[in-house]
Amino acid sequence: MLSERFLTTTVNAIAKQQLVLEPTEETHFPPAEEGRRYMLYMHVPFCERLCPFCSFNRYPFREDIAKPYFANMRKEMLMLKDLGYDFESIYFGGGTPTIMVDELCETIDVAKDAWNIEEIGCETNPNHLNIPYLEKMKGRIQRMSVGVQSFNNDLLKTMDRYEKYGSGEQIYETIQQAIPYFDSLNVDMIFNFPTQEEDVLISDLEKIATCGARQTTFSPLYVSNGTFKKMAAVLGPINWKREYRYYQLIDGILAGGKNPLFRRSTLWTFTRNGVEGDHEQIDEYQTNYVDYPAIGSGSITHLKNFCYVNHFSIKDYNEAIESGKMAIMGKATMTKRSLMRYHFLLNLYKLRLDKHAFKEEFGVSVEAGLPVEMTFMRTQGAFEIDDDNQLTLTPVGRYLTVVMYRQFLAGMNNLREQAREQLTGYEHDLLFGDGQPA
């Protein structure tokens, strides 16, 4: 689609211009705003395998490095309590947060002592959904998202996940075993891998339909400038031309027809229909909270019009926390126009934009604030409902928003790359070499 290429180029240019990391002398986040709802994101950067397409801060796991890291992350977490933050939910991302399950559980227990936490969400890999780990996490974690990416064994081998995390058949059984331990289990998938043929994608969708998981997230493959070449060398070049077709397959098979098995919770998160205790909380923390502090090495906080970036160096991170400071290395400033675009994108990604809420937030209508964006989307036939109250999306509009959101996340990955480029010595070699621990 020509419109897809236009959007990709345009959003790339906007992100490059707006998401620029600048140094800061700030040693702590701004205090909490009274009455505002917050969630807390906590980043655990350690992995047993470093996936070639991943741009998040991650390091090969070593227990002697990970154990003190968890202790410092708990210290950083309690600094937020001193700043007046009160959290109703926490999301652990990575990396692999379950890499040291006892440390994770201790961190959760400390957080629950500090705040009235209603819900804990966490990411993991399939090999950690074993009975001993599940028993420890039961009751502590309500929402678990397991990174599967694909059930296809050839793809798993290409991604260097087969040996460590098991075959697609084993992963399928592991998911079914884990479902009773959580209020919701999300299966995190990726589509449009270079070697992912259409029949492979359809097979993955069939397994999602039958495995019993409450939720699934099918995100398109997106990369940063820093991981593009490495990913292409391992997986091959991305075929953007078929992305639209693949998204149509996913959306149609999961949520299309008269009696779909799933419903759309966002543009690429689907929730199973008819599951007892259903509600619309989803395993994408940034869609539930506009402002959120984020802690841990390599995390990105969004507060008001600032994105604060924590040290990507674990050494520098530890030193900052142990000196009584938060681990802020820099920040990016978002203009009012950038914030309007973010609001526009995020709400369309959640399938509906409330025009009254937009005007209340920014003091202008969405038409007056974003005339070019609105004209483009209207010209493309993107809106199913476009009245005085709201915007909703047509099938074409859903895909165009997928493209914008994909490129926004790629832009965030490029912000991470700006921070990662400042690494030196051993840490630089780990991430830019072969990724093997010494």
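For the structure itself, look to the data block above.
Please read all numbers here as calculations on a predicted model, not as lab measurements.

On to the sheet that holds strand β13 (residues 306-310), then. Strand order in this open sheet of three strands is β12-β13-β14, and the pairing throughout is antiparallel. If you trace the sheet from one side to the other, it starts and ends with β12 (300-303) and β14 (328-333), each paired once. Shown here is a sheet whose adjacent strand axes are inclined to one another by a mean of 25°, direction ignored. Pairing geometry for β13 and β14, over five bridges, is antiparallel. Each bridged residue has a counterpart across the sheet, and for F306 the counterpart in β14 is T333.

Remark: helix α8 (residues 198-211) packs on helix α10 (residues 243-255), axes separated minimally by 11 Å, with the N-to-C direction vectors making an angle of 25°. Between α8 and α10, the angle is such that the two are roughly parallel. As for the relative orientation of α8 and α10, their crossing is right-handed in sense. The residues of α10 that touch α8, namely those facing E198, L201, I202, L205 and I208, are R245, Y246, L249, I250, I253 and L254. Here the contact of α8 with α10 is built from residues that sort into nine nonpolar, no polar and two charged.

So, about the nonpolar core. Nonpolar side chains tend to gather and get buried jointly when the protein is soluble and globular. Core analysis: the biggest nonpolar cluster contains 128 residues, and F29, I175, F182, F344 and M377 have the highest contact counts within it. The biggest single contributor to this core is helix α17 (residues 395-420), with 11 residues. I175 has contacts with V146, V148, F151, L185, V187, C211 and A213, leaving out every residue within four places of it along the chain. Counting six residues, the second largest nonpolar core, distinct from the first, contains M39, Y91, Y289 and A294.

Attention now goes to the packing of aromatic side chains. Enumeration over the complete set of coordinates arrives at 19 aromatic pairs. With a centroid separation of 5.5 Å and an interplanar angle of 55°, the aromatic rings of F29 and Y308 are classed as tilted. Of this pair, F29 sits in the loop between α1 (2-18) and β1 (38-44) while Y308 sits in strand β13, placing them 279 residues apart in sequence. Put simply, the rings of W268, Y342, Y349, Y405 and F408 touch in pairs and so form one group of aromatic residues. The ring of Y162 has K157 lying over it, and the distance from NZ or CZ to the ring centre is 4.8 Å.

As a further point, take the layout of surface pockets. Reported here for the largest pocket is a volume of approximately 550 Å³. Lining of the largest pocket is provided by 24 residues; of these, R36, V290, D291, H343 and E361 occupy positions nearest its centre. Those elements giving two or more residues to the lining of the largest pocket turn out to be α11 (285-288), α13 (336-349), β15 (353-354) and α14 (355-362). A per-element tally of the lining of the largest pocket places α13 first, with five residues. Each residue belonging to the lining of the largest pocket can be placed in one class, and the counts come to nine nonpolar, six polar and nine charged.

Our focus in this paragraph is the pattern of salt bridges. Where charged atoms from two side chains of opposite charge approach closely, those side chains can pair. A complete count under the given rule lists 23 salt bridges for this structure. Close ionic contact of E367 with K355 constitutes a salt bridge, the shortest N to O distance being 2.8 Å. Of this pair, E367 sits in helix α15 (residues 366-369) while K355 sits in helix α14, and the two are 12 residues apart along the sequence. Residue E367 is classed as partly exposed on the basis of its relative accessible area of 28%. Among the ionic contacts, a cluster of salt bridges with common partners joins E33, R36, D291 and K304.

Here we have three strands laid out as an open sheet, ordered β15-β17-β16, and antiparallel in their pairing. With partners counted over all chains shown, the strands left at the sheet margins are β15 and β16 (383-386), one partner each. As paired elements, β16 and strand β17 (residues 390-393) share three bridges and run antiparallel to each other. When the sheet's bridge partners are listed, F383 is paired in β17 with L393. With respect to the sheet, helix α16 (residues 371-379) is in contact with β16 and β17, its orientation differing from that of β16 by roughly 125°.

Calculation notes
- Every chain begins its residue count from 1, and numbering advances along the sequence as written.
- This being a predicted model, a pLDDT of at least 70 is required before a residue's local features are given, and a value of 80 or more before pairs of side-chain atoms are given or counted; all residues contribute to the totals for chains, interfaces and linings.
- Computation of side-chain values covers all heavy atoms of the structure but excludes hydrogens and water.
- Here, a strand pair is defined by DSSP locating no fewer than two bridges between the strands.
- Helix numbering and strand numbering both begin at the N terminus, where a helix is a DSSP run of H or I of at least 4 residues and a strand a DSSP run of E of at least 2.
- Between N-to-C directions, angles cover 0 to 180 degrees, with each direction set by a line fitted to C-alpha atoms, over the stretch in contact for helices.
- Orientation is classified from the angle alone, with under 35 degrees giving roughly parallel, over 145 giving roughly antiparallel, 65 to 115 giving roughly perpendicular, and any other angle giving oblique.
- Handedness of a helix crossing follows the sense of rotation of the near helix relative to the far helix, less than a right angle counterclockwise being left-handed and clockwise being right-handed.
- Contact criterion: two residues are considered in contact whenever any of their non-hydrogen atoms come within 4.5 Å of each other.
- We call Asp, Glu, Lys and Arg charged. Ala, Val, Leu, Ile, Met, Phe, Trp, Tyr, Cys and Pro are nonpolar, and the rest, Gly among them, are polar.
- The criterion is simple. A nonpolar core is a set of buried Ala, Val, Leu, Ile, Met, Phe, Trp, Tyr and Cys residues joined through side-chain atoms within 4.5 Å.
- Only protein chains enter the area calculation, which uses a 1.4 Å probe; residues under 20% of their type maximum are buried, those over 50% are exposed, and those in between are partly exposed.
- In this scheme Phe, Tyr and Trp rings, the latter by its six-membered ring, pair at centre separations within 6.5 Å, and the angle between planes marks the pair as stacked below 30 degrees, edge-to-face above 60, and tilted otherwise.
- Should the NZ of a Lys or the CZ of an Arg lie within 6 Å of a ring centre and within 35 degrees of the ring normal, that charge is described as sitting over the ring.
- Cavity: a set of points on a 1 Å grid over the protein atoms alone where a 1.4 Å probe fits but cannot get out. Pocket: an open set with protein on both sides within 12 Å along at least five of seven lines, its lining residues, like those of a cavity, having an atom within 4 Å of a point.
- Grid points are joined across faces, edges and corners, and a volume is the space filled by probe spheres set on the points.
- Salt bridges are identified by distance alone: a Lys or Arg side-chain nitrogen within 4 Å of an Asp or Glu carboxyl oxygen.

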